[in-house]
Amino acid sequence: AQSVAQPEDQVNVAEGNPLTVKCTYSVSGNPYLFWYVQYPNRGLQFLLKYITGDNLVKGSYGFEAEFNKSQTSFHLKKPSALVSDSALYFCAVRKGQLTFGSGTQLTVLP
Amino acid sequence: DSGVTQTPKHLITATGQRVTLRCSPRSGDLSVYWYQQSLDQGLQFLIQYYNGEERAKGNILERFSAQQFPDLHSELNLSSLELGDSALYFCASSPLGESPETQYFGPGTRLLVL
């Protein structure tokens with residue numbers, strides 16, 4: 001069975017500072033990994049995905065994620081956080097169906 | 001805007017009732033997925049349809065059912081509603097339904113069962 005863990009329920013970062021939202025996964029074989037963002041009262045928006053190739057994946061709104069096979073991690077990063085990045089972030093793995101982590105609430109403080 | 005539409009946006013009903021949630025996928029997408037998001041269960045996959053046929057089932061209760069019509073829109077039917085069914089229900093779509101296609105999500109229907 002596949003699973004995703006987001007160890008932090010809440011991440012706070014100051015505007016302008018780099019941010020990291022952590023994700024680890026468990027799946028047999030090669031993983032397909034995704035990050036989605038959910039703003040209040042909105043649906044999930046696709047940010048980026050890893051299928052194969054370069055371990056650093058670039059996505060929307062300046063976000064990127066680093067795939068690390070040995071650590072089974074797929075952490076979401078952004079070099080300089082904006083207040084508007086404050087939202088709920090979900091990591092997901094797909095092998096067959098999409099399985100989501102529990103979500104991490106990111107708050108960027110002005 | 002993902003191109004996936006869901007109606008209604010909000011639904012308030014009573015226990016024991018039945019409701020129908022509607023989803024229109026992105027133009028050209030053949031696969032539709034339904035998810036439930038609740039505080040205690042998180043975001044859970046319910047069911048997938050591909051071109052009118054059920055493709056995969058997740059944690060969907062027997063009181064719940066879905067279908068996809070020839071025009072590719074989908075409906076999720078929830079019956080004998082319980083308080084615990086209160087949640088945000090999302091639909092998503094993708095072109096073929098295969099890994100590793102990206103799924104694009106609609107804005108959701110917020111269901112409140114009183």
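Everything here concerns the structure above.
> Is there a simple way to explain the sheet that holds strand S1 (residues 5-7) of chain B in this structure?
Two strands in a sheet stick together by hydrogen bonds in their backbones, pointing the same way (parallel) or opposite ways (antiparallel). Residues and elements named next belong to chain B. Spatially, S1-S3-S8-S7 is the arrangement adopted by the four strands of the open sheet, whose pairing is antiparallel. The two strands at the open ends of the sheet, each matched to only one other strand, are S1 and strand S7 (64-68). Ignoring strand direction, the axes of neighbouring strands in this sheet form an average angle of 15°. One ladder, built from five bridges, connects strand S3 (residues 19-24) with strand S8 (residues 74-78); its direction is antiparallel. When the sheet's bridge partners are listed, Arg22 is paired in S8 with Glu75.

> How should the state of the cysteines be read in this particular structure?
Defined simply, a disulfide is a covalent bond joining two cysteines at their sulfur atoms. According to the stated counting rule, one finds two disulfides over all chains in the structure shown. Disulfide partner of Cys23 of chain A: Cys91 of chain A, at an S-S distance of 2.0 Å. Taking the torsion about the S-S bond as the criterion, the Cys23 of chain A to Cys91 of chain A disulfide, at about -60°, is left-handed. Placement of the pair is Cys23 of chain A in the loop between strand S3 (19-21) and strand S4 (24-26) and Cys91 of chain A in strand S10 (residues 87-95), with a sequence separation of 68 residues. The buried category is assigned to Cys91 of chain A, whose relative accessible area is 0%. One disulfide bridge connects Cys23 of chain B with Cys91 of chain B, the sulfur atoms lying 1.7 Å from each other. Taken together, the residues Cys23 of chain B in strand S3 and Cys91 of chain B in strand S9 (residues 87-94) connect sequence positions 68 residues apart. Like Cys91 of chain B, Cys23 of chain B is buried.

Reading guide: rules and limits
Residues numbered from 1 in each chain as written. Chains lettered and ligands numbered in written order. Predicted model: local features only at pLDDT ≥ 70, side-chain atom pairs only at ≥ 80, totals over all residues. Heavy atoms only, no water. Pairing = 2+ DSSP bridges. Helix = DSSP H or I, 4+ residues; strand = E, 2+ residues; numbered from the N terminus. Axes fitted to C-alpha atoms, helices over the stretch in contact; angles between N-to-C directions. Disulfide = S-S within 2.5 Å. Buried < 20%, exposed > 50% of the residue type's maximum accessible area, 1.4 Å probe, protein only.

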